[in-house]
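Chain by chain, the residues run as shown.
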Amino acid sequence: MSATAAAAARPRVARVYTAARRHPWVLGKLGDWVIWFGPYTPAQLVVMGGGALLLIKTYPWWSWLGPVPIVVWLVSIWAVRGAKIGGRSPFTAAFGWLALLAQHPAGRIGGRPARDRRPSMLTGAFVIEPAPAAAAVPARAVTSRRSSPAPAPAAAAVRPVPVSGLAQLLRDAETSQTAGRL
């Protein structure tokens with residue numbers, strides 16, 4: 001079988017991207033009927049309704065300007081047709097900010113709000129005992145092969161040198177107790 005015959009035997013794939021995938025979500029189109037100058041995005045509808053309400057309520061303030069405020073209102077409706085905030089529509093961006101403000105301040109762990117554990121009382125006890133006295137190791141007498149080893153001298157009472165603050169406190173307490181007995 002030749003390469004052209006193998007290519008012809010494979011099914012051909014066609015992809016169709018509809019207008020719904022190419023254009024943003026719009027309002028005001030029903031079948032073949034479309035609102036004047038529409039369809040409109042939700043952001044355009046908010047600017048249209050809010051601007052109309054603002055223009056009606058503030059008519060005494062801007063009436064002397066003539067049609068300028070109405071032209072500015074129409075241009076602003078046109079300008080927000082493809083508005084994006086961080087790659088998202090203004091409404092989803094505003095919803096994201098609201099969700100961020102409503103979120104628990106410590107964040108989430110495993111999908112649930114992170115919370116501090118309840119405080120609990122730690123109980124326990126400890127005992128401070130004096131360190132055992134270290135016996136001094138006598139030095140080995142140097143001996144020859146023929147002579148017998150010399151007897152080891154008796155171990156003198158050697159006090160360990162305190163190496164920590166606690167050991168020093170214990171030594172001071174012990175000396176003060178022995179001084180009090182005399």
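So, here's what we can say about the structure. This one's a predicted model, so the numbers in the text were calculated from it and none came from an experiment.

The next point concerns the overall build of the protein chain. For the protein chain, the count of helices and strands is 7 helices and 4 strands. Starting at the N terminus, the α and β elements of the protein chain follow one another as α-α-β-β-α-α-α-α-β-β-α. Within the protein chain, contacts between residues separated by at least 24 positions form 34% of all contacts whose residues are at least 6 apart in sequence. A total of about 16800 Å² of accessible surface is found on the protein chain, and carbon and sulfur atoms cover 65% of it.

Inspection of the secondary structure assignment puts Ala43 in helix 3 (residues 42–57). Judged by its relative accessible area of 11%, Ala43 is buried. Each C-alpha atom, one on Ala43 and one on Pro90, is 6.9 Å from the other, the two residues being 47 residues apart in sequence. If we skip the residues at most four places from it in the chain, Ala43 touches Val80, Pro90 and Phe91.

The next point concerns the packing of aromatic side chains. Enumeration over the complete set of coordinates arrives at 1 aromatic pair. When the ring of Tyr59 is compared with that of Trp62, the centres are 5.1 Å apart and the planes differ by 85°; the resulting orientation is edge-to-face. Here the residue Tyr59 and the residue Trp62 both occupy positions in helix 4 (residues 59–62), the gap between them amounting to 3 residues, near one helical turn. For Tyr59, a relative accessible area of 48% puts it in the partly exposed group.

In the contact formed by helix 3 and helix 5 (residues 68–79), the axes pass within 9 Å of each other and the chain directions differ by 165°. The angle between the axes of helix 3 and helix 5 places the two elements in the roughly antiparallel class. As for how helix 3 packs across helix 5, the hand of that crossing is right-handed. On helix 5, the residues that touch Gln44, Val47, Met48, Gly51, Ala52 and Leu55 of helix 3 are Pro69, Ile70, Trp73, Ser76, Ile77 and Trp78. A per-class count over the contact of helix 3 with helix 5 returns 9 nonpolar, 3 polar and no charged.

All right, on to helix 5 then. Taking 1.5 Å of rise per residue, 12 residues should cover 16 Å, and helix 5 covers 16 Å from first to last C-alpha, within 8% of that figure. Turning to helix 5, its buried residues number three or more, namely Pro69, Trp73 and Ile77. Relative to the axis of helix 5, the buried residues are bounded by an arc of 85° and lie together on one face. When the buried face of helix 5 is taken as reference, the exposed residues oriented beyond 90 degrees from it are Val72 and Trp78. In the core, the buried residues of helix 5 are packed alongside helix 3 and helix 4.

This brings us to the pattern of salt bridges. In a structure, side chains of opposite charge can pair up when their charged atoms sit close to one another. Applying the stated criterion across every chain, the model contains 1 salt bridge. The salt bridge partner of Arg171 is Asp172, with a shortest N-O separation of 3.5 Å. We classify Arg171 as partly exposed; its relative accessible area is 34%.

Right, let's talk about a nonpolar patch on the surface for a bit. Taken together, Trp33, Ile35, Trp36 and Phe37 make up a surface patch of nonpolar side chains, about 630 Å² in accessible area. Relative to the helices and strands, Trp36 is located in the loop between strand 2 (33–34) and helix 3. The class for Trp36 is exposed, based on a relative accessible area of 73%.

The rules behind these values
- Residues numbered from 1 in each chain as written.
- Predicted model: local features only at pLDDT ≥ 70, side-chain atom pairs only at ≥ 80, totals over all residues.
- Heavy atoms only, no water.
- Helix = DSSP H or I, 4+ residues; strand = E, 2+ residues; numbered from the N terminus.
- Contact = heavy atoms within 4.5 Å.
- Areas by Shrake-Rupley, 256 points an atom, 1.4 Å probe, with all protein chains shown as cover.
- Buried < 20%, exposed > 50% of the residue type's maximum accessible area, 1.4 Å probe, protein only.
- Phe/Tyr/Trp six-rings, centres within 6.5 Å; stacked < 30°, edge-to-face > 60°.
- Axes fitted to C-alpha atoms, helices over the stretch in contact; angles between N-to-C directions.
- Parallel < 35°, antiparallel > 145°, perpendicular 65-115°, else oblique.
- Left-handed = near helix turned anticlockwise from the far one by under 90°.
- Nonpolar A, V, L, I, M, F, W, Y, C, P; charged D, E, K, R; others polar.
- Expected span 1.5 Å × (residues − 1).
- Arc of directions from axis to C-beta.
- Salt bridge = Lys/Arg side-chain N within 4 Å of Asp/Glu carboxyl O.
- Patch = residues over 30% accessible without salt bridge, like charges linked within 9 Å, V, L, I, M, F, W, Y side chains within 5 Å.

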